[in-house]
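Spelled out from the first residue to the last, the chains are:
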Amino acid sequence: FEPSSSVLLPASQAVIDAVVLRLQQFGGVSIAIEGHTDSDGVPIENLALSQRRAFTVLDALVERGVDPATLTAEGFGSEQPVLIDGVEDKTASRRVEFRVVTAADEARGGSMMPGRQARRVVRVDETTTRDDMVTDTNTTASTAARTRH
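Residues numbered from 1 in each chain as written. Predicted model: local features only at pLDDT ≥ 70, side-chain atom pairs only at ≥ 80, totals over all residues. Heavy atoms only, no water.

Okay, the side chain of Glu34 next. Among the structural elements, Glu34 can be located in strand 1 (residues 30–35). Looking at Glu34, the relative accessible area reads 0%, which means it is buried. A polar contact is formed between the side chain of Glu34 and the side chain of Arg99, at a distance of 2.9 Å. (Helix = DSSP H or I, 4+ residues; strand = E, 2+ residues; numbered from the N terminus. Buried < 20%, exposed > 50% of the residue type's maximum accessible area, 1.4 Å probe, protein only. Polar contact = N/O pair within 3.5 Å; in protein donor to acceptor, adjacent residues only side chain to side chain.)

The following block contains the structure:
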């Protein structure tokens, strides 16, 4: 995403298409869409922006035929920046992450704050398999597909 924007970049369309393809291949998978911002600006405005970003991606998935009942969207503002050598990468911080919601997550009440459990991040592309996306629900790790917009 561009700064202060919830409009998908043209390059993001291919990522959305890849996520749709994987969701079609692996029916029954629920996804939490988690929006983020960089640290510029006012925290409450960043929270609202991150929520708009998450819902922009949710809408794009639904427009492509994904069942909205399998999707949740939540914004986290600038609470979880991407740090490289201790310095925020502002471009990378403006992102949406896709996290597979496991049965264990649902038993705890659905989507949960990232960072409260270990997460394995995978890139979703044409080589992604169901095993890449789904984690043993007896572990505390959930699987996420992360992309920068």
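Anyway, onward from the coordinates.
Pairing of strand 1 with strand 2 (residues 71–75) involves five bridges; the strand directions are parallel. By the bridge assignment for strand 2, Gly35 is matched with Gly75. Once the chain exits strand 1 it traverses helix 2 (residues 43–63) before rejoining the sheet at strand 2, and the crossover so formed is right-handed. (Pairing = 2+ DSSP bridges. Right-handed = clockwise from strand over helix to strand, strands pointing away.)

Residues other than glycine seldom take positive phi values, yet Ser4 does so here, at roughly 60°. Note that Ser4 resides in the segment before helix 1 (12–25). Despite not being glycine, Asp85 has its phi angle at roughly 55°, a positive value. Its place among the elements puts Asp85 in the loop between strand 3 (83–84) and strand 4 (87–88).

Attention now moves to the environment of Ser30. One can find Ser30 in strand 1. In this structure the C-alpha to C-alpha distance between Ser30 and Pro68, which are 38 residues apart in sequence, comes to 9.5 Å.

Now for the pairing of strand 5 (residues 95–101). A large share of strand 5 lies buried, amounting to seven of its seven residues. With burial as the criterion, each face of strand 5 is covered, one bearing Arg95, Glu97, Arg99 and Val101 and the other bearing Val96, Phe98 and Val100.

What follows deals with the confidence of the model for the protein chain. The predicted coordinates ought not to be read in detail in places where the model reports low pLDDT. Per-residue confidence for the protein chain averages 77 on the pLDDT scale, and 68% of its residues sit at or above 70. Per-element averaging of pLDDT across the protein chain places strand 7 (residues 142–148) at the bottom with 37 and strand 4 at the top with 96. (pLDDT = per-residue confidence, 0-100.)

Taking 1.5 Å of rise per residue, 21 residues should cover 30 Å, and helix 2 covers 30 Å from first to last C-alpha, within 8% of that figure. Buried within helix 2 are the following residues: Asn46, Leu49, Ser50, Arg53, Ala54, Val57, Leu58, Ala60 and Leu61. Those residues of helix 2 hidden inside the fold are in contact with helix 1, strand 1, strand 2 and strand 5. (Expected span 1.5 Å × (residues − 1). Contact = heavy atoms within 4.5 Å.)

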